[in-house]
Amino acid sequence: MGEIVFLGAILIIGVICGIQTLGFKAIPILDSVVGPALFPQIAIGIVVLGALALIVQLVMKKQKNQFVFLELFQGKRLGFGIVTIAYVLMLDSIGFIVSTAIFLMLAINYLEYIKGIQINRKKTIVVSLCCILFSIIIYYFFSKVMGIMLPRGIVNF
Amino acid sequence: MEILSNLMDFEIIALMIIGSTAGIIFGSVPGLSSTTGVALVLPFTYTMDVFPSIALLLGVYFGGMSGGLIPAILMKIPGTPASVATTFDGYPMVLRGEASRAMGIGICSSLFGGLFSAFALIFCAPLLSAFALSFGPFEYFGVTFFALMIVSSILDKQILKGYISLGLGLLMSCIGSSPIDGVKRFDVGISAMAGGFQLMSVVIGMFAVAEMFNSIKFVGQKNNSVEEIKMDQFFLKFSEWRKYIWNLLAASVIGTIAGILPGLSGGPGSMMSYVQAKKMSKNPEKFGTGCPEGVIASEAANNAVTGGALIPLFSLGVPGDTATGLLMGALAIQGVQVGPILFQTDPTLVESVLYSSVLINIIVFCLAVFALRMFINILNVPKHILIPIIIVFCVLGCYSANQRLFDVYTMLIFGYLGYILDKNGYNLTALILGFLLGGTVESYLRRALIFYGSFEKAMVGSNFGGIFVVIGVLYPIISIIIDLIKKQKSKAKAKELA
């Protein structure tokens, strides 16, 4: 059932995109033969036809396969996913060094907890210092050596 | 004699080593390709003479292409788009505890592919350029269309899921401005979407981030630690060279041709080679599970692209990819106009450059062997530390390409999408190939149809583009029929046994 819902979502996206392609107008001076809509329509055609055929195949099939979706938002992965999403969203506001150091500290401690490693104060301090140092080294390597400015955030650091 | 003295000059060799080292570093950092490396090193060449500057830039270019295999094999992060296919079998080999062997096969194949294309550059440049000249837009469309269609051959039992993946990849490539007329498509009012999705966001998200979500379940399990590097496993034995020679040759030919044809560079070249190797193999079911042939196909092809891309540059003055375009710019700054006339006006320079490509490939190989000892220690880092660090490098890889956070956000979305698609049997290879080639296919199709006026006229009027299109259409149909016949035969056998 889960896969049929997934394919249904793909079909809806395909139909919406298909309707949108009707609004892609060609610029006659540059291209009066094909236009910008043809190729997306071919791609949508492949997706929609494939999804429809697969839905028919799944409905006719007696043995149903389990659709993997929810496991991504459960257990160990849920916690790690939340920390990762928070890290990515915080990059802009608090900058690369601070957000990376916090992310590494949280993620490493969380995964250690999952692993069953006892977390003590001394170890936490060492890990935290390593995370901060790693973030600073990476930041300076990219900005000074590679010439790539990583996000500095409102703290400008 | 003058060429030899050029090549044996201490300064030249030192520049080649510096360039190759920088190239390997650029290639091994996700998001920083050999093109980025060449662009960043370019300003340092302004004050140099012509040949030293080319030696330095070629070192960066060749090293960058080889460096991509390091994170691809060890962490499943493609360092460059050209090393995507390396992750398919390289990383499973690491999981099996064969990191030294995977890296060794990758580096030896890179050397073979690089040398093959370097010799192709020396001996066949004018001939191969004439071949490239006979390609019009419809021929390019035919070749790329054919490449997409042969994807069906790697889809195994899940043909429909493969085509859905291919369609999704093509549709994703349509997001942003259209080729030729720049019409905005599917940007949903978000200005960052106007440029479409960044290739590295899709690739890193689908492969590396998805793999990290998968790896969480291994936290707490013992690492496949590499206590010592076994050099006897590292280099290919004579019997292995003999066993894989056709695979190496086929991959090198595909890579060289992909390099010659503009728009097809390393990514599609290595993917096509991987697909072809799987098709040629006696054990295609082993591909994707840590099969050495998979690593060979990808690495030999993506390194063969380097020499291939230089062929049209030196014989026609047409760069094969962005990095060679930058090389052309570097030569122009030095007052050298590349093209067929250069063979007459400065043959020593041309021949020095051609022969230096052989030398640089050997230098890159030696450096890669040396770097292996350092990089392979990554595997000794516990997973609970390695996974967050890899996520940071994924973020860096996506951000570095365009320096915009939108690419990092999309990387995460593609990470989740890649996990779901992969776990449910949808083919990520087909999706990536569709995304990689979508823009090229569309661009050539539109240019061809504008040129000929209609599809029918293009089919009849083009040199051999129509043949590729016909084969491309027939190929999946024949594959499906053969598959059905095989299934019926096995059913009949099962009935007989029952």
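Residues numbered from 1 in each chain as written. Chains lettered and ligands numbered in written order. Predicted model: local features only at pLDDT ≥ 70, side-chain atom pairs only at ≥ 80, totals over all residues. Heavy atoms only, no water.

## With respect to the overall build of chain B
The test is simple: Numbering of helices and strands runs from the N terminus, with a helix taken as a DSSP run of H or I at least four residues long and a strand as a DSSP run of E at least two residues long. Our radius of gyration looks at C-alpha atoms and nothing else; its globule reference is 2.2 Å times the residue count to the power 0.38. A 1.4 Å probe rolled over the protein chains alone gives each residue an accessible area, and that area as a share of the maximum for its type sets the label: buried under 20%, exposed over 50%, partly exposed in between.
What chain B contains, in helices and strands, is 22 helices and two strands. For 498 residues, the compact-globule formula gives about 23 Å, and the C-alpha radius of gyration of chain B, at 22 Å, lands near that figure. With respect to the principal axes defined by its C-alpha atoms, chain B has extents near 75 × 65 × 55 Å. Taken over 498 residues, chain B has a buried fraction of 63%.

## Digging into the overall build of chain A
Secondary structure assignment for chain A yields four helices and zero strands. Going from N to C terminus, chain A has its helices and strands arranged as α-α-α-α. For chain A, whose C-alpha radius of gyration is 24 Å, the value lies well above the compact-globule estimate of 15 Å for 157 residues. Principal-axis analysis of the C-alpha atoms places the extent of chain A at approximately 65 × 55 × 25 Å.

## Side note on the nonpolar core
Heads up, the condition is: The definition of a nonpolar core used throughout is a set of buried Ala, Val, Leu, Ile, Met, Phe, Trp, Tyr and Cys residues joined through side-chain atoms within 4.5 Å.
Membership of the largest hydrophobic core comes to 210 residues, with the highest contact counts inside it found for A:F96, B:L74 and B:I432. The dominant element in this core, judged by the number of residues it contributes, is helix α17 (residues 347-375) of chain B, at 15 residues.

## Details of the interface of chain B and chain A
Stated precisely, the cut-off is as follows: Residues are treated as being in contact if the distance between any of their heavy atoms lies within 4.5 Å. Note on definitions: buried area is the accessible-area loss of two parts on being combined, 1.4 Å probe, summed for both. Salt bridges, as used here, are contacts in which a Lys or Arg side-chain nitrogen is within 4 Å of a carboxyl oxygen on Asp or Glu. In protein, a polar contact requires one atom able to donate a hydrogen and another able to accept it; more generally it is a pair of N or O atoms within 3.5 Å, and residues adjacent in sequence count only if both atoms are side-chain atoms. As a working rule, the residues Ala, Val, Leu, Ile, Met, Phe, Trp, Tyr, Cys and Pro are called nonpolar, Asp, Glu, Lys and Arg charged, and the rest polar, with Gly in that last group.
Contacts between chain B and chain A engage 61 residues on the former and 67 residues on the latter. When chain B packs against chain A, the two sides together hide about 5700 Å² of surface, and 80% of this comes from carbon and sulfur. Taken together, the links from chain B to chain A amount to one salt bridge. A salt bridge links B:K161 to A:E3, with the nearest nitrogen and oxygen atoms 3.2 Å apart. Applying the counting rule to chain B against chain A returns nine residue pairs in polar contact (both at pLDDT 80 or more). Residue assignment for the side of chain B that touches chain A shows that the elements contributing at least two residues are α2 (10-28), α9 (159-173), β2 (184-185), α10 (199-215), α18 (383-402), α19 (405-423) and α20 (428-452) of chain B. By residue number, the principal contributor to the side of chain B that touches chain A is α18(B), which donates 12 residues. Taken together, the residues of the side of chain B that touches chain A sort by class into 42 nonpolar, 11 polar and eight charged.

## Some thoughts on the confidence of the model for chain B
Residue and element names in this part refer to chain B. We apply this condition: Per residue, pLDDT measures the predictor's confidence, with a range of 0 to 100.
Mean pLDDT over chain B: 82, with 91% of residues reaching 70 or higher. Within chain B, helix α11 (residues 231-234) has the poorest average pLDDT of any element, 67, and α19 the best, 93. Predicted complex metrics record ipTM = 0.93 and pTM = 0.78.

## Notes on the side chain of B:S400
All names here are of chain B. Checked against the element boundaries, S400 lands in helix α18. Judged by its relative accessible area of 6%, S400 is buried. Here L396 takes part through its backbone oxygen, which lies 2.5 Å from a polar atom of the side chain of S400.

## Topic: a nonpolar patch on the surface
Worth spelling out the cut-off: Each patch is built from residues lacking any salt bridge and having more than 30% relative accessible area; the joining distance is 9 Å for like charges and 5 Å for nonpolar side chains (Val, Leu, Ile, Met, Phe, Trp, Tyr). What sets the accessible areas is the Shrake-Rupley method with a 1.4 Å probe; for residues, cover comes only from the shown protein chains.
Nonpolar side chains collect at one region of the surface, where B:V470, B:V473, B:L474, B:I477, B:I478, B:I481, B:I482 and B:I485 lie side by side and expose about 650 Å² of accessible area between them. You can see B:L474 is positioned in helix α22 (residues 465-497).

## A word on the side chain of B:H384
Topologically, B:H384 is positioned in helix α18. A relative accessible area of 5% means that B:H384 is categorised as buried. In terms of polar contacts, B:H384 uses its side chain to reach the side chain of A:E112, at 3.3 Å. Setting aside chain neighbours within four positions, we find B:H384 in contact with A:I108, A:L111, A:E112, A:K115, A:I117 and B:V219.

## A short note on empty space enclosed by the protein
Residues and elements named next belong to chain B. In plain terms, the rule: Definitions used for this entry: grid spacing 1 Å over protein atoms alone; cavity, a set of points where a 1.4 Å probe fits but cannot get out; pocket, an open set with protein on both sides within 12 Å along at least 5 of 7 lines; lining residue, one with an atom within 4 Å of a point. Grid points are joined across faces, edges and corners, and a volume is the space filled by probe spheres set on the points.
For the structure on display, the rule yields three cavities of 30 Å³ or more. Space inside the second largest cavity adds up to approximately 50 Å³. Around the second largest cavity, the lining residues are S66, L69, I107, S110, L111, N361, V364, F365 and A368. Only α7 (99-133) and α17 provide two or more residues apiece to the lining of the second largest cavity.

## Some points on the packing of helix α3 (residues 75-115) of chain A against helix α4 (residues 121-145) of chain A
Angle between the axes and distance between the axes: these two values describe a pair of packed helices. Residues and elements named next belong to chain A. The line we're drawing: Every axis in this analysis is a line fitted to C-alpha atoms, fitted for helices over the stretch in contact. Angles between the N-to-C directions lie between 0 and 180 degrees. Definitions for this section: a left-handed crossing has its near helix turned counterclockwise from the far helix by less than a right angle. A right-handed crossing has that turn clockwise.
At a minimum axis separation of 8 Å, α3 and α4 run at an interaxial angle of 140°. In the crossing of α3 with α4, the sense of the turn from one axis to the other is right-handed. Contacts between α3 and α4 involve F96, I97, T100, A101, L104, M105, I108, N109 and E112 from the first element and K123, T124, V127, S128, C131, I132, F134, S135, I136, I138 and Y139 from the second. Classifying every residue of the contact of α3 with α4 by side-chain character gives 13 nonpolar, five polar and two charged.

## Structural notes on the environment of B:L367
All names here are of chain B. Along the chain, L367 turns up in helix α17. Here the alpha-carbon distance between L367 and S20, two residues 347 residues apart in the chain, equals 7.8 Å. The residues contacting L367, other than those within four sequence positions of it, are I17, S20, T21 and I24.

## So, unusual backbone geometry
Residue and element names in this part refer to chain B. Phi at I180 takes a positive value of approximately 75°, unusual for a residue other than glycine. Within the secondary structure, I180 is located in the loop between β1 (176-177) and β2. Positive phi, normally seen in glycine, also occurs at Q403, with a value near 55°. For Q403, the location among the structural elements is in the loop between α18 and α19. When its relative accessible area of 35% is taken as the criterion, Q403 is described as partly exposed.

## So, helix α14 (residues 292-316) of chain B
All names here are of chain B. Let me state the cut-off plainly: By definition here, a helix of n residues has an expected span of 1.5 Å times n minus one. The bend reported for a residue corresponds to the angle between axes fitted to the seven residues ending at that residue and the seven starting there.
Here α14 contains 25 residues, and its C-alpha end-to-end distance of 37 Å stays within 8% of the 36 Å for a straight helix at 1.5 Å per residue. The largest bend along α14 measures about 25° and falls at V305. Downstream of α14 by a residue or two, G317 has a phi angle that is positive, lying close to 80°.

## A word on the packing of helix α3 (residues 34-41) of chain B against helix α4 (residues 50-67) of chain B
All names here are of chain B. Test applied: With respect to orientation, any angle under 35 degrees is reported as roughly parallel, any angle over 145 as roughly antiparallel, any angle of 65 to 115 as roughly perpendicular, and every other angle as oblique.
For the pair α3 and α4, the least separation of the axes is 8 Å and the interaxial angle reads 155°. On the basis of the axis angle, α3 is roughly antiparallel to α4. Crossing angle aside, the handedness with which α3 passes α4 is right-handed. Across the interface between the two elements, S34, G37, V38 and V41 of α3 pack against L56, L57, V60, Y61, G64 and M65 of α4. Its residues assigned to classes, the contact of α3 with α4 shows seven nonpolar, three polar and no charged.

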